[in-house]
Amino acid sequence: MPDKIVLAYSGGLDTSVAIRWLKEKYELDVIALTIDVGNERDLSAIRNKALKVGAIKALVKDAKRLFVNHFIFPALKADAIYEGQYPLATALSRPLIAKLLVDTALEEGAQAVAHGCTGKGNDQVRFDVSVNALAPDLKIIAPAREWGMTREQTISYAQRYGIPVPATATSPYSIDENLWGRSIECGILEDPWAEPPEEVFSWTKSPKEASDEPSYVEIGFDKGIPVAIDGQKMDSVSLIQRLNELAGSHSVGRIDHVENRLVGIKSREVYEAPAAVVLLEAHQALEALTLSKDQLRFKQKVAQEYADLIYNGLWFTAQHQDLAAYVDSSQRFVTGTVRLKLYKGSCKVMGRKSPLSLYSYGLATYAKGDQFDQSASPGFIHIWGLPVRTQARVQGISSLEEKEDSK
Ligand code: ARG
């Protein structure tokens, strides 16, 4: 009996061809595993296609709740945004898919797992490193990294073996979708000077078509986790779906990023992430109200580390567990409500409130009821400015004139 391999199967051209190719090249029986992370598709059609193309078994797993609760929300609590732009939708889904591949391989007695990544991107790294961390003995095969076929050759391979070629196979774009966002690359987008054509967008209306009336939305958070929209409690998956629709209809969430890939190249990527943009904006606004200055400063450094670690495929590491423990602790007072205005591509915070707010009206106001003791300020300033006065007396300070002279 041939050995078995579990393939992460999307139903697209590459992974469909991979089913046949793994059989031919390695004489492996392929178990196709399709994971639903919120990329709305016809899952039963995908399952049937896997079987038709030659998989010995085709499994479909709904991982939406797992994805939101164990991957998206931890990243949101950390405010993880890669290079200040990318909310990490694709990157976050990879360790989850790797985990489910490994679990399925163990359940099915397979010796290997496979994924459809090429040898140029970040995703191969995320899959391989995660699988290695969870099951060091499992073999990993990445057909599209090995077969050396161009797009055209892959299509004729498919035609030769009667593998249906989806209409999307001739689209110039490579697209990955899940609840946290949609990633679009290739085609004209490879020219960083070219404006992304309207056709690459599917979750967001163009600002021109978006409503002329703004929408206001209130997001309720409990310990850093969004739990309600406009006062209505919602389950985590529906909450994100709802925000993707609402914010997308206002053109919110379009991102154009020239990013630094882990494999050393710069790549121009376009993203649509309406819910992510709204939630990250809202979450940071609530933290500004409920965390101290020192917590905020330190947490920003953690946010960058956290984003890099997700991007770089290091989810299953002790470093991640340690940072996540800090982030969780930091969220214990991040409870309250943020009000945002969505309008023609912009998402702006209009108000925030919390029962645990550190904002004190009595201390901040210039009006009647001021509790700030202004008479204590001169003493504070005297000590604060002490090192400045000392240095100025002993060493002076370089003047503008000296700088001019040295030119
Ligand atoms: N550049 C992003 C990342 O590394 C997205 C990759 C998206 N993949 C795709 N097939 N479009 O996470």
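Before any of the text, the structure's been laid out above.
Values in this document were obtained by computation on a predicted structure and should not be read as measured data. (Residues numbered from 1 in each chain as written. Predicted model: local features only at pLDDT ≥ 70, side-chain atom pairs only at ≥ 80, totals over all residues. Heavy atoms only, no water.)

## Notes on the site of the ligand
The environment of the ligand is formed by 15 residues, the closest being Tyr 86, Asn 122, Arg 126, Ser 174 and Glu 259. Contacts to the ligand include Asn 122, whose side-chain N or O atom sits 2.7 Å from an oxygen atom. In the complex, the protein chains occlude 91% of the 350 Å² of accessible area that the ligand would expose alone. The set of elements that each furnish at least two residues to the shell around the ligand consists of α4 (89-108), α5 (123-134), β6 (174-178), β7 (181-185) and β12 (266-272). (Near = heavy atom within 4 Å. Polar contact = N/O pair within 3.5 Å; in protein donor to acceptor, adjacent residues only side chain to side chain. Areas by Shrake-Rupley, 256 points an atom, 1.4 Å probe, with all protein chains shown as cover. Helix = DSSP H or I, 4+ residues; strand = E, 2+ residues; numbered from the N terminus.)

## What to know about the packing of aromatic side chains
A full pass over the atoms with the stated rule returns 10 aromatic pairs. Ring plane angle 35 degrees and centroid distance 6.5 Å describe the contact between Phe 67 and Phe 71, whose orientation is recorded as tilted. Remark: Phe 71 and Phe 67 occur in helix α3 (residues 64-78); sequence separation between them is four residues, near one turn of the helix. You'll find Phe 67 and Phe 71 in the same group, each marked buried. (Phe/Tyr/Trp six-rings, centres within 6.5 Å; stacked < 30°, edge-to-face > 60°. Buried < 20%, exposed > 50% of the residue type's maximum accessible area, 1.4 Å probe, protein only.)

## Notes on the environment of Leu 363
The residue Leu 363 is located in helix α12 (residues 361-364) in this model. Leu 363 sits 10 residues away from Asp 373 along the chain, and the two C-alpha atoms are 8.8 Å apart.

## So, the environment of Gly 12
Here Gly 12 is to be found in the loop between β1 (4-8) and α1 (13-26). Among the residues examined, Gly 12 registers a relative accessible area of 21% and is labelled partly exposed. For the pair formed by Gly 12 and Thr 168, sequence separation is 156 residues and the distance between their alpha carbons is 8.1 Å. If we ignore the near neighbours within four places in the chain, the residues touching Gly 12 are Lys 49 and Pro 166. (Contact = heavy atoms within 4.5 Å.)

## Structural notes on the sheet that holds β7
Ordered by their spatial adjacency, four strands build an open sheet running β6-β7-β12-β11, and the pairing between neighbours is antiparallel. Taken across any chain shown, the strands that pair with only one partner, and hence form the sheet edges, are β6 and β11 (254-260). Ignoring strand direction, the axes of neighbouring strands in this sheet form an average angle of 25 degrees. Across the face of the sheet, α4 comes into contact with β6 and β7 while running at roughly 70 degrees to β6. (Pairing = 2+ DSSP bridges. Axes fitted to C-alpha atoms, helices over the stretch in contact; angles between N-to-C directions.)

## Focus on helix α8 (residues 236-249)
Here α8 is 14 residues long and its end C-alpha atoms lie 20 Å apart, about the 20 Å a rise of 1.5 Å per residue gives. Residues of α8 that are buried include every one of Ser 236, Val 237, Leu 239, Ile 240, Leu 243, Asn 244, Leu 246, Ala 247 and Gly 248, and no others. Where α8 is buried, its residues meet α3, β8 (215-222), β9 (225-229), α9 (274-290) and β13 (336-343). Of the residues flanking the start of α8, the one acting as N-cap is Asp 235, its side-chain oxygen 3.1 Å from the backbone nitrogen of Val 237. After α8 finishes, the residue Ser 251 shows a positive phi value of roughly 70 degrees. (Expected span 1.5 Å × (residues − 1).)

## As for the pattern of salt bridges
Applying the stated criterion across every chain yields a total of 22 salt bridges. Lys 23 serves as the salt-bridge partner of Asp 29, at 2.9 Å between the closest nitrogen and oxygen. For Asp 29, a relative accessible area of 13% translates into the label buried. According to the relative accessible area criterion, Lys 23 is partly exposed, its value standing at 37%. Here Asp 36 and Lys 64 are joined by a salt bridge, their closest N and O atoms 2.9 Å apart. Placement of Asp 36 in strand β2 (residues 29-36) and of Lys 64 in helix α3 is noted, with a sequence separation of 28 residues between them. The exposure class of Lys 64 is buried, given its relative accessible area of 17%. Salt bridges sharing partners connect three or more residues here, namely Arg 94, Asp 123, Arg 126 and Asp 176. (Salt bridge = Lys/Arg side-chain N within 4 Å of Asp/Glu carboxyl O.)

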